[in-house]
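Descriptive analysis of the structure
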Amino acid sequence: MAEHVFKLGMYLPELDLPFDESLAKAKEIGADCVWFNRLGPDGPPMGALDDSGVDALGKQVEAHGLEIFLINVGNPFKQIHLTDLELDSMAEHPEFCRDMADLARSMQIASRLGVGAVGLFTFAWPGEYTAEKPTWPMRWLTRGGYISDAEMDKLVKAFSLALEEAEKYDVDLALSIMPWNYTNTTGNFRRLAEALNSPRIRVMWGPSDNLNSGEADVATAGFLNIHPYLHGLHLKDLTVKDGLRLDFRYCPLGEGDVDYPTILRSLRARGSDAVLSVATHFLPRSGSRVEAMRINYANLRRLIAES
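Since the structure is predicted, the reported quantities are computational estimates derived from the model, not experimental observations. (Residues numbered from 1 in each chain as written. Predicted model: local features only at pLDDT ≥ 70, side-chain atom pairs only at ≥ 80, totals over all residues. Heavy atoms only, no water.)

Moving on: the side chain of Glu-165. Topologically, Glu-165 is positioned in helix α5 (residues 149-169). Relative accessible area serves as the criterion here: at 19%, Glu-165 is assigned to the buried category. There is a polar contact of 2.8 Å between the side chain of Glu-165 and the side chain of Lys-168. With residues up to four places along the chain from it excluded, the contact list for Glu-165 reads Ala-104 and Met-107. (Helix = DSSP H or I, 4+ residues; strand = E, 2+ residues; numbered from the N terminus. Buried < 20%, exposed > 50% of the residue type's maximum accessible area, 1.4 Å probe, protein only. Polar contact = N/O pair within 3.5 Å; in protein donor to acceptor, adjacent residues only side chain to side chain. Contact = heavy atoms within 4.5 Å.)

Below, the structure is given as structure tokens:
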């Protein structure tokens, strides 16, 4: 039996380089494919590209020997507090309309470039993007928090609207895992995915974000929850110092609390084609984002070899 080969990806904004330079660096470091939500720190807004600009973008990525495996215009639904939306008037809410427009533009670009999925987020818990973060302690103590029936109704409506658009453009929706959003744990993601019951619902799995949300069995029960929906993994690592007080530290892959060897073995055993998309979130002493990415790629290759 042939050895399983993982497809390696990179979240380009981590490099914080001009777009073309980031593509060249990603290829040099070892990426097969890339994911991005902007065209470098000083590039034009992705949503403003016309068809010729989109075509040029595709050719630019291809010229570096890379492919795009996920794309999103901005960060749809990342910072909207779900409690600010009313079920019956959601589609008229200004922030929701703005992010839905960004999501639709993501789909149009993905469809034109032949990219199979777009990235989006799953709304913020109550008060999450405030200094107090009032619901964090209870979410930590309950291993991620509980989504009420009323909140679930809102989530189902929001993503049902998104799925209607996705059908028009024949693309999947890859939901992100974040401690600050409703799909902060594999269990909460699974509950939403099952409520939506659509083959277009996929996930960009962030095991470190699950761990940072109080989910202790991420590599075992968490993997079983999430595996049927995997589009890719958003790889970074961290050490949780005091979860109740949101005290944690990002670190190089394999040096934190996430059990990546178990996750990699499970992916290999199932022949998973999910992209291992490398992020960083930490900085080495040099302060270089590129060096941080090189460290994480080297550590990922070592973890793959040892798993």
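Moving on, there is more to tell.
Moving on to the packing of helix α3 (residues 94-113) against α5. Here α3 crosses α5 at 25°, and the two axes come no closer than 10 Å. By the angle class used here, α3 and α5 are roughly parallel. In the crossing of α3 with α5, the sense of the turn from one axis to the other is right-handed. Of α5, the residues touching α3 (which contributes Phe-96, Met-100, Leu-103, Ala-104, Met-107, Gln-108 and Ser-111) are Ala-158, Leu-161, Ala-162, Glu-165, Ala-166 and Tyr-169. Here the contact of α3 with α5 is composed, by residue class, of 10 nonpolar, two polar and one charged. (Axes fitted to C-alpha atoms, helices over the stretch in contact; angles between N-to-C directions. Parallel < 35°, antiparallel > 145°, perpendicular 65-115°, else oblique. Left-handed = near helix turned anticlockwise from the far one by under 90°. Nonpolar A, V, L, I, M, F, W, Y, C, P; charged D, E, K, R; others polar.)

Of all the positions in helix α1 (residues 19-29), only Phe-19, Ser-22, Leu-23, Lys-25, Ala-26 and Ile-29 are classed as buried. Buried positions in α1, seen along its axis, are confined to an arc of 170° and lie on one side of it. Contacts made by the buried residues of α1 are with β1 (8-11), β2 (33-36), α2 (51-63) and α10 (289-306). Two residues or fewer past α1, Gly-30 is found with a positive phi of approximately 130°. (Arc of directions from axis to C-beta.)

Next up on the list: the nonpolar core. Ranked by internal contacts, the top residues of the largest apolar core, which has 85 residues, are Phe-36, Phe-123, Leu-173 and Leu-276. Looking at this core element by element, the count peaks at seven residues for α5. When residues no more than four places from it in sequence are discounted, the contact partners of Leu-276 are Phe-6, Lys-7, Leu-8, Gly-9, Leu-233, Leu-235, Leu-264, Leu-267, Leu-300 and Ile-304. Ranked by size, the runner-up nonpolar core spans nine residues in total, among them Tyr-11, Cys-33, Ala-174 and Val-275. (Core = buried A, V, L, I, M, F, W, Y, C linked by side-chain atoms within 4.5 Å.)

The next point concerns a nonpolar patch on the surface. A surface patch of nonpolar side chains, amounting to about 300 Å² of accessible area, comprises Met-138, Leu-141 and Leu-244. Topologically, Leu-244 is positioned in the loop between β8 (237-242) and β9 (247-251). The exposure class assigned to Leu-244 is partly exposed, which follows from its relative accessible area of 30%. (Patch = residues over 30% accessible without salt bridge, like charges linked within 9 Å, V, L, I, M, F, W, Y side chains within 5 Å. Areas by Shrake-Rupley, 256 points an atom, 1.4 Å probe, with all protein chains shown as cover. Salt bridge = Lys/Arg side-chain N within 4 Å of Asp/Glu carboxyl O.)

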